[in-house]
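Fold and geometry: a report
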Amino acid sequence: MESMTISRERELTSAAPVRHSRSVDAAARRTAFWFVAPALTLMGLVAAFPIGYAIWLSMHQYSVRVSGLSRFVGFKNYIDALASEAWWQAFGQTFTFATISVSLEVLLGVGMALLLNLAFRGRALMRSALLVPYAILTVVSAITWQAMFDPHLGLITEVLRTLGMPGGDTIWLAESGYAMAVMIMADVWKTAPFVALLVLAGLQVISSDVYEASALDGATKLQTFFFITLPLLRPAILLAAILRLLDALRVFDLPFVLTRGANGTGSMSLLAYQQLRESRLVGEGSALSILTFLTVMVVAVIYLRFAGGNLRGTTKEKI
Amino acid sequence: MMLNRYRRMAQAAALLSVFSLALTACGGGSQAGAAPSEAAPTTQALAADADQSANGNMVFCGGKDTGIQTNLVKNFNESQSAVKASYVELGPDTSATRTAAIQRLEGGNKDCDIYMTDVTWTAEWASQGWLYDQTGLVKNIGTEIMPSVLDTTVYDNKNWSTPFYTNAALVLYRKDRVQAPATWKELYKQAAKSEDNKLLIQLKPYEGLTVNFLELLYSAGGDAIDQDGKVVIDSPQTREVLQFMRDGLANGSIDRASLTYDETATRRAFESGVGGFQRNWPNSYASAQETNVGPETAVSPLPAFDDTNEPSGVLGGWNLAVPITAKNPGGAAAFIKYTVSRDQQKTMFLTNSQAPVIADIYSDPDVVKALPFSGELKQTLENAKPRPKSPAYAQISQAIYDNVYAVLSTSVSIDDAVKKMVSEMEKAQETF
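Residues numbered from 1 in each chain as written. Chains lettered and ligands numbered in written order. Predicted model: local features only at pLDDT ≥ 70, side-chain atom pairs only at ≥ 80, totals over all residues. Heavy atoms only, no water.

If you check an unreviewed UniProt entry, chain B appears there as ABC transporter substrate-binding protein from Arthrobacter glacialis. Its UniProt record gives chain B the following Sequence similarities (unreviewed entry) comment, quoted word for word: "Belongs to the bacterial solute-binding protein 1 family." (UniProt positions renumbered as here; feature names shortened; annotations may be inferred.)

This is the structure in structure tokens:
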């Protein structure tokens with residue numbers, strides 16, 4: 001997973017793409033094909049086969065009564081899912097969660113990156129410490145957040161009560177709105193450092209020449225930030241945002257641990273899990289998984305359509 | 001150039017989407033190898049004397065080892081030398097254990113000779129044709145198993161497993177704040193009197209909420225699914241219990257934190273001094289004894305709903321099932337017979353505080369001395385009923401806890417919630 005993420009980043013951030021000219025010799029192309037063939041075969045095995053198999057499952061109904069009994073139902077599972085209230089609820093709640101948490105993560109991540117880019121004592125230590133929340137398993141951090149919001153024994157509710165602030169007597173995980181807020185806090189706490197790290201990498205490759213030039217021209221600090229730093233950070237920010245967005249749209253552990261999807265905190269993956277694993281409705285659950293996958297893919301394609309050039313650092317290219 | 005661009009975009013999208021499938025696609029794998037067929041599975045019975053001349057290795061599979069499993073295996077191996085038993089953990093909790101076991105059963109794995117099964121799995125596993133019929137063995141066991149407990153092994157008039165140990169909830173209360181409850185209604189009245197008297201229960205939307213709700217429903221004389229599998233939950237009792245729980249939250253009888261609590265969270269809150277009553281499983285008594293509230297904690301059986309009803313409860317606990325893929329069914333039968341022997345059941349109660357499945361052990365002097373609440377526990381167990389028996393139990397339970405939770409946490413009308421519950425349960429019962 002980790003190495004795949006890295007290779008994906010590399011592909012997205014790589015410098016201007018190589019343009020093939022028509023003069024490329026056919027023999028060379030054939031050689032190239034044989035070079036990529038092993039990789040393609042591997043991709044087919046690890047990606048295409050499971051996807052194809054999940055689609056196959058999603059077109060069937062499997063009996064929960066009799067072992068091995070199944071029947072072909074075509075697109076019925078998809079139609080049922082798209083006609084169900086549960087799917088659209090989970091869909092809406094997932095997008096609400098993803099939009100708010102990713103926006104906060106990007107804002108906070110950029111802020112943290114700017115701070116960490118300053119020269120100060122203990123900067124190296126801070127940079128490592130920053131990664132601690134990201135290194136903690138989501139399930140573990142979800143359990144921790146749940147404990148902190150325990151109505152009687154939680155650290156946060158206790159502090160709020162002691163300070164006489166609102167929220168001390170609220171049962172956070174049992175109220176809609178509040179429950180979503182806890183879920184977003186847990187996600188932002190964990191993944192804003194990840195955004196910060198990517199943005200920090202982006203900051204460090206900005207050449208000092210441009211800053212020197214702008215200083216000579218008499219630009220203020222604010223102008224430098226908005227007209228130099230931010231535009232040059234665009235690829236890094238856009239990359240961080242898409243990675244986070246795709247992750248957030250597949251959120252599962254947080255609602256599973258915190259609320260089991262109650263009080264407006266459902267998610268598409270949680271719904272698919274409940275059908276597939278708990279109720280053992282293999283066909284119906286697979287259809288929900290494929291719908292989740294398609295939703296995420298559509299978001300990815302739209303995003304790349306509008307931000308793809310920026311991600312590859314070729315901002316001038318227009319479609 | 002345009003084409004290239006789209007191709008690259010599609011490649012990137014495909015790559016990204018692999019990640020989303022990594023989570024989802026693996027779920028389907030559990031059906032691998034299951035050839036579609038219309039034939040109903042044939043039933044195989046485990047011979048009543050299958051344990052005679054048993055020998056060889058016998059593998060016992062189940063959830064996280066709480067000590068009871070390894071103690072049992074050790075005692076069994078010391079008691080004889082023909083069969084050598086060993087224990088294999090399948091998962092950290094009930095739900096993970098079920099998933100892991102089902103994957104093995106569907107894949108035809110032959111490693112386990114006995115599965116430790118939750119009482120709610122009987123119908124599903126039996127109807128799937130995964131288990132030996134143990135009716136003959138159960139009749140030949142020689143000890144009298146409590147009828148309510150034995151009933152959890154029955155589906156379609158046959159015993160598909162043998163009880164291992166049983167469980168039923170109790171009410172723990174603070175002697176310094178409240179009195180032993182006479183009925184649930186009286187308990188709620190006491191609880192509403194003071195901030196310190198409140199009741200802590202499990203109302204988070206999960207299996208625990210289904211159990212909490214059914215305990216009240218059964219004690220009010222209601223039922224969820226009848227003998228013939230018909231959904232009978234749309235009753236005046238259901239409506240009354242739902243209204244009762246909703247009022248309990250509104251007037252302060254139930255601590256509102258219960259809406260986010262499972263058993264562990266309930267226990268922790270009670271042990272830190274919160275509340276007057278706690279509804280929980282028997283092991284929470286031993287746990288409370290180790291804290292400051294220990295000296296003030298007393299135990300009561302689950303009460304009746306009101307003066308016009310009999311007390312009831314919901315049975316928990318675990319059974320021992322033999323899969324038809326077992327390599328050593330004879331060894332499994334010998335192990336099962338040993339597990340339900342009087343001596344072993346008493347040892348399990350004394351060393352691991354798990355409730356025995358034989359009635360007269362509860363009045364054994366050694367037991368009464370070591371576990372002062374054994375009388376209350378036996379009373380609750382005898383009054384308790386199993387959860388609905390259905391191959392689609394997981395869906396039934398979700399239909400119950402989702403809709404009960406909606407009544408407790410939103411302003412949905414009880415009538416609408418009951419209708420939705422019924423339609424979801426009926427849909428589950430009709431599942432292909």
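Comments concerning the packing of helix 10 (residues 208–216) of chain A against helix 11 (residues 221–249) of chain A
Residue and element names in this part refer to chain A. In contact at an axis separation of 11 Å, helix 10 and helix 11 are set at 165° when each is read in the N-to-C sense. Here helix 10 lies roughly antiparallel to helix 11, going by the angle between them. For the pair helix 10 and helix 11, the sense of crossing is right-handed. Across from Val210, Tyr211 and Ser214 in helix 10, the residues of helix 11 making contact are Thr224, Ile228, Thr229 and Leu232. (Axes fitted to C-alpha atoms, helices over the stretch in contact; angles between N-to-C directions. Helix = DSSP H or I, 4+ residues; strand = E, 2+ residues; numbered from the N terminus. Parallel < 35°, antiparallel > 145°, perpendicular 65-115°, else oblique. Left-handed = near helix turned anticlockwise from the far one by under 90°. Contact = heavy atoms within 4.5 Å.)

Overview of unusual backbone geometry
Residues and elements named next belong to chain B. With a phi close to 55°, aspartate 156 is a non-glycine residue in the positive phi region. For aspartate 156, the position within the fold is in the loop between strand 4 (154–155) and strand 5 (158–159). Phi at asparagine 157 is positive, roughly 65°, even though this residue is not glycine. With respect to the helices, strands and loops of the structure, asparagine 157 is situated in the loop between strand 4 and strand 5. Asparagine 157 sits in the exposed class, given a relative accessible area of 74%. (Buried < 20%, exposed > 50% of the residue type's maximum accessible area, 1.4 Å probe, protein only.)

Regarding the pattern of salt bridges
Side chains that differ in sign of charge can pair as their charged atoms come close. Within the structure shown, the criterion is met by 29 salt bridges over all chains. For glutamate 278 of chain A, the salt bridge identified is with arginine 260 of chain A, shortest N-O distance 3.3 Å. Taken together, the residues span a long stretch of sequence, with glutamate 278 of chain A in helix 13 (residues 268–278) and arginine 260 of chain A in the loop between helix 12 (253–258) and helix 13 at a distance of 18 residues. For the pair glutamate 278 of chain A and arginine 260 of chain A, a shared accessibility class is recorded, and that class is buried. A salt bridge links lysine 198 of chain B to glutamate 195 of chain B, with the shortest nitrogen-to-oxygen separation between them at 3.4 Å. The exposure class of lysine 198 of chain B is buried, given its relative accessible area of 15%. Taking relative accessible area as the criterion, glutamate 195 of chain B reaches 60% and is therefore assigned exposed. One salt-bridge network, held together by shared partners, links Glu105, Asp187, Arg244, Asp247 and Arg250 of chain A. (Salt bridge = Lys/Arg side-chain N within 4 Å of Asp/Glu carboxyl O.)

Section: the packing of helix 9 (residues 236–250) of chain B against helix 17 (residues 414–429) of chain B
All names here are of chain B. At a closest axis distance of 10 Å, the pairing of helix 9 and helix 17 adopts a crossing angle of 125°. With respect to helix 17, the axis of helix 9 lies oblique. Judged by the sense of rotation from one axis to the other, the crossing of helix 9 with helix 17 is right-handed. In this structure, helix 9 uses Thr238, Arg239, Leu242, Gln243 and Arg246 to contact helix 17, whose residues at the interface are Ile414, Asp415 and Val418.

Some remarks on the packing of aromatic side chains
Residues and elements named next belong to chain B. Across all of its chains, the model carries 31 aromatic pairs over all chains by this definition. Seen in terms of ring centroids, phenylalanine 60 and phenylalanine 164 are 6.0 Å apart; in terms of plane orientation they differ by 70°. Their pairing is edge-to-face. Taken as a pair, phenylalanine 60 in strand 1 (residues 56–63) and phenylalanine 164 in strand 6 (residues 162–168) lie far apart in primary sequence, 104 residues in all. For phenylalanine 164, a relative accessible area of 0% corresponds to the buried category. Here the aromatic rings of tryptophan 121 and tryptophan 125 are separated by 5.3 Å at their centres, their planes lie at 15°, and the arrangement is stacked. Comparing tryptophan 121 with tryptophan 125 shows no difference in burial state: the two are buried. (Phe/Tyr/Trp six-rings, centres within 6.5 Å; stacked < 30°, edge-to-face > 60°.)

Remarks on a nonpolar patch on the surface
All names here are of chain A. Taken together, the side chains of Phe33, Trp34, Phe35, Val36 and Leu40 define a hydrophobic patch exposed on the protein surface, amounting to about 620 Å² of accessible area. One can find phenylalanine 33 in helix 2 (residues 26–58). Owing to a relative accessible area of 43%, phenylalanine 33 belongs among the partly exposed residues under this scheme. (Patch = residues over 30% accessible without salt bridge, like charges linked within 9 Å, V, L, I, M, F, W, Y side chains within 5 Å. Areas by Shrake-Rupley, 256 points an atom, 1.4 Å probe, with all protein chains shown as cover.)

Examining the side chain of threonine 297 of chain B
Residue and element names in this part refer to chain B. With respect to the helices, strands and loops of the structure, threonine 297 is situated in strand 10 (residues 297–301). You can call threonine 297 buried: its relative accessible area is 4%. At 2.8 Å, the side chain of threonine 297 forms a polar contact with the backbone oxygen of valine 293. Aside from chain neighbours lying at most four places away, what touches threonine 297 is Leu172, Tyr173, Lys175, Phe270, Tyr285, Ala288 and Gln289. (Polar contact = N/O pair within 3.5 Å; in protein donor to acceptor, adjacent residues only side chain to side chain.)

Here's the deal with the environment of aspartate 49 of chain B
Residues and elements named next belong to chain B. Mapped onto the secondary structure, aspartate 49 falls in the loop between helix 1 (2–25) and strand 1. We classify aspartate 49 as partly exposed; its relative accessible area is 47%. For the pair aspartate 49 and isoleucine 141, spaced 92 residues apart in sequence, the C-alpha separation works out to 9.6 Å.

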